[in-house]
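Structural overview for review
Residues per chain, in single letters:
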Amino acid sequence: MAEYNRVSECVGLITLRNPPVNALSAAVRQGIVDTVERALSDPNVKSVVICGQNGIFCGGADIKEFGSKMTGPPLIPMIHAIESANKPVVAAIEGSALGGGLELALGCHYRIAHSKARLGLPEVSLGLLPAAGGSQRLPRLIGVPAALNLITTGRHVTAAEALQLGIVDQVTDHNTVDAAVKFALSVAGRSLDPRRISTHPCPQQPDLDALFEEVMQKVRQSARGAIAPIACVQAVRAAATLPYAQGMERERELMATLFTSGQARALQYCFFAERAVGRWRMPSGARWDTSKPRPVHKAAVIGLGTMGRGITVALAQTGLSVIAVETQEKQLMEAKQAISGMLERGAKRRGVAPALDRVIYSQNIQAVADVDLVIEAVFEDIALKTKVFQQLSAVCKPGTLLCTNTSALDVDQLASETPNPELVVGMHFFAPAHVMKLLEVVYGPRSSPQAVATAMQLGKKMGKASVAVGNCRGFVGNRMLKPYIEEAFFLLEEGATPELVDQALEEFGFSMGVFRMSDLSGLDVGWRVRKGDGLVEPGTASGRSARIRQGRRYSPLGDLLCEEGRFGQKTGRGWYQYDKPGSRVARSDPWLHSFLGAYRAQHGLVARRIDHQEVLERCLYALINEGFHILDDGIAAGPEDIDVIYVSGYGWPRHRGGPMFYANMVGLAKVLERLEHYQQLHPEVPHLQPSSLLRRLVASGSPPIHKWGEVIKKLHSQL
Ligand SMILES: C[C@H](O)[C@H](C)C(=O)SCCNC(=O)CCNC(=O)[C@H](O)C(C)(C)COP(=O)([O-])OP(=O)([O-])OC[C@H]1O[C@@H](n2cnc3c(N)ncnc32)[C@H](O)[C@@H]1OP(=O)([O-])[O-]
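This write-up is about the structure you can find in this document. (Residues numbered from 1 in each chain as written. Predicted model: local features only at pLDDT ≥ 70, side-chain atom pairs only at ≥ 80, totals over all residues. Heavy atoms only, no water.)

Quick notes on the overall build of the protein
From N to C terminus, the protein includes 28 helices and 19 strands. The C-alpha atoms of the protein give a radius of gyration of 28 Å, which matches the 27 Å a tight globule of 719 residues would have. Counting only C-alpha atoms, the protein reaches 90 × 60 × 55 Å along its principal axes. Among the 719 residues that make up the protein, the fraction classed as buried is 57%. Restricting to contacts in the protein with at least 6 residues of sequence separation, those with at least 24 account for 73%. If you sum the accessible surface of the protein, you get close to 29200 Å²; carbon and sulfur atoms cover 54% of it. Taking the 79 positively charged and 70 negatively charged side chains of the protein as two groups, their mean positions are separated by 2 Å. (Helix = DSSP H or I, 4+ residues; strand = E, 2+ residues; numbered from the N terminus. Rg over C-alpha atoms; globule rule 2.2 N^0.38 Å. Buried < 20%, exposed > 50% of the residue type's maximum accessible area, 1.4 Å probe, protein only. Contact = heavy atoms within 4.5 Å. Areas by Shrake-Rupley, 256 points an atom, 1.4 Å probe, with all protein chains shown as cover. Lys, Arg positive; Asp, Glu negative; His and termini not counted. Charge placed at Lys NZ, Arg CZ, Asp CG, Glu CD.)

Take a look at the structure:
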């Protein structure tokens, strides 16, 4: 809907009305066509202003309409009618002007933005490209290199940068609509030809071919199989080399290839999934909109190792004051230096003052007596964490929330060590904690909805993709990672190499394959956990029995490498070799290949040819199968929770939507059939046994992902 008013006697004011972001739905587009026509035909009107209600200009095309048949007036002629108008049209930009919203503004003759506004063409993050003239008008307005950067990255720019780039004509700190109306009055009657962007030639660029070659190479590399960024480069190239009309034709062709693509569906699913996980629910029925978070004005972090330092920075960057506690003096001094450095670098990137004084350092746990929330991040040892929780229960004021950053220990066991288990939740960060988007908020059976609400709200405040999950071994992310890693080990036993497995996973779109990732995070981390589980046995027994532990197939390959001191990047040797300890460039290691050969011979294993398809099916379907177990156990509220966890924390390629969305795309029946196939070949591998939920979904005709909730019953999926 668009509302029309005449203001200041001769300015037609058009207000977009479609909360919450004034998306360009069919009704809004019709409203714009009608109100623009009215303003242009009203003889008393000398100029026009377009603005959005509720302090936001326009969030772009209505993504919710993409799944259905398009109705209402199309965007391109609507915007063209504005650009070719014979009265100046000024866009008053507050909040956001994104995608079709910015394209609408680019059709206007002038753009006035509020200093807090954000502008951009983020279509690429939805698997699309700016298809309402944005890929043709923006290069003409700001030049090819700047337009290429904005369109291929989809990044939002500040009003200040938009002014510097030439996207907007004026920035105001005051009421933007008033400023736009005043501006519109001042330009009434002026010639508009110079303001019709589509009529401008694209600014000449020396050595255009070299520029596009270089950009295309970079984009292909970072895209990791995503098709939209490549189409974006091709669309801008059309703007630089073709007349406007032909360029628009090229834009339309390229958009047609993207609009119905699986990748676009996956990326739009991620967009809505990231918003859906914020509307969390617990099996008890408690939910986001009925649970009031406690205010958190002061927080504390206990233990300033790598994770504790990152968590302290993430908290301080929200504006909170933070008490950072480390009992070891040397560790405390080192942490202080590291944290200050991270805060300064973060502040520089964001162009703000580093708030070093927000963090108070102490060796004494008494210092946290008056905080509202504590995050414990000491060494991953249950006895040590228990002691810390007992100390905190004694020191903290009543009602203080006690959160643990454990990645594998039982949150409810820690809760049972305190007089108020309802105040205990897990806040599972990912390294580096001030950078990684994902936060698993882990609730135990006694965690109060208020504790979950507070942790989720704090996660949002830190800019995290916060997902509420139930307490179980490995929570969601690590629990699914286990079968994925085990399958990779088994593939090595059967003839694969780390290079082959990683190549298959990286071609699929992962930023790092399982073995390169293992070298980065350190092989000793998993070794310690397997030792804790009693799975590691000394010596070099051989034969099948040596590879059955606790009644199931087990590969000691990782343990054997650790016994050789091969912990990965940190020791310069792991599944790959590195120039020196700490360096990051992985190179194939002949030692590792002969070690694998010797290992197979010792265990009577005959290497066979393994292709990428088998690597993907075994590693990904094992992970997905565990996802179905997790849904069936009610540990995750819906498939979107699992997918947001994997996309924002485990490097699952966003243009593949996430493990559960991917399973839906591949076809649940296919996933089931392949799991049954591998389970028959490997009966001693329980995680290949298809989950009963997967069987139930297939038996009920493999409903679309947003309908899985009906089959899962006790779950509370929202999509
Ligand atoms: C032709 C043209 O070339 C092409 C083809 C296009 O134009 S493609 C479209 C391009 N546009 C975009 O990529 C911008 C997408 N939106 C955003 O980046 C953000 O929303 C925001 C604008 C910066 C506001 O952030 P926020 O944090 O204040 O609120 P929110 O929680 O994110 O959003 C609040 C609510 O609004 C919903 N929403 C937001 N943008 C929407 C959109 N474009 N269409 C439909 N719904 C939208 C969102 O799902 C949520 O709903 P619910 O969860 O409450 O039910």
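Let's talk about the site of the ligand
The local shell around the ligand holds 27 residues, among which Gly 100, Glu 103, Glu 123, Arg 275 and Arg 279 are the closest. Arg 275 has a polar side-chain atom sitting 2.7 Å from an oxygen atom of the ligand. Against a free-state accessible area of 1000 Å², the protein chains account for coverage of 75% of the ligand. If you list the elements that add at least two residues to the shell around the ligand, you get β5 (96–98), α3 (100–107) and α11 (262–276). The residue inventory of the shell around the ligand, partitioned by class, reads 16 nonpolar, five polar and six charged. (Near = heavy atom within 4 Å. Polar contact = N/O pair within 3.5 Å; in protein donor to acceptor, adjacent residues only side chain to side chain. Nonpolar A, V, L, I, M, F, W, Y, C, P; charged D, E, K, R; others polar.)

Concerning the state of the cysteines
Throughout the structure, instances matching the rule amount to zero disulfides. Unpaired in this structure, Cys 108 has its nearest cysteine sulfur neighbour in Cys 58, at a distance of 11 Å. Lacking any disulfide linkage, Cys 232 is separated from the closest cysteine sulfur, that of Cys 202, by 15 Å. (Disulfide = S-S within 2.5 Å.)

Digging into the sheet that holds strand β9 (residues 170–172)
If you walk across this open sheet you meet the six strands as β1-β2-β3-β4-β6-β9, and the pairing is mixed. Lying at the two open borders of the sheet, with one neighbouring strand each, are β1 (2–7) and β9. Between one strand axis and the next, the sheet turns through 20° on average, direction left out of account. Pairing geometry for strand β2 (residues 11–16) and strand β3 (residues 47–52), over six bridges, is parallel. Residue pairing in the sheet places Val 11 in a bridge with Ser 47 of β3. (Pairing = 2+ DSSP bridges. Axes fitted to C-alpha atoms, helices over the stretch in contact; angles between N-to-C directions.)

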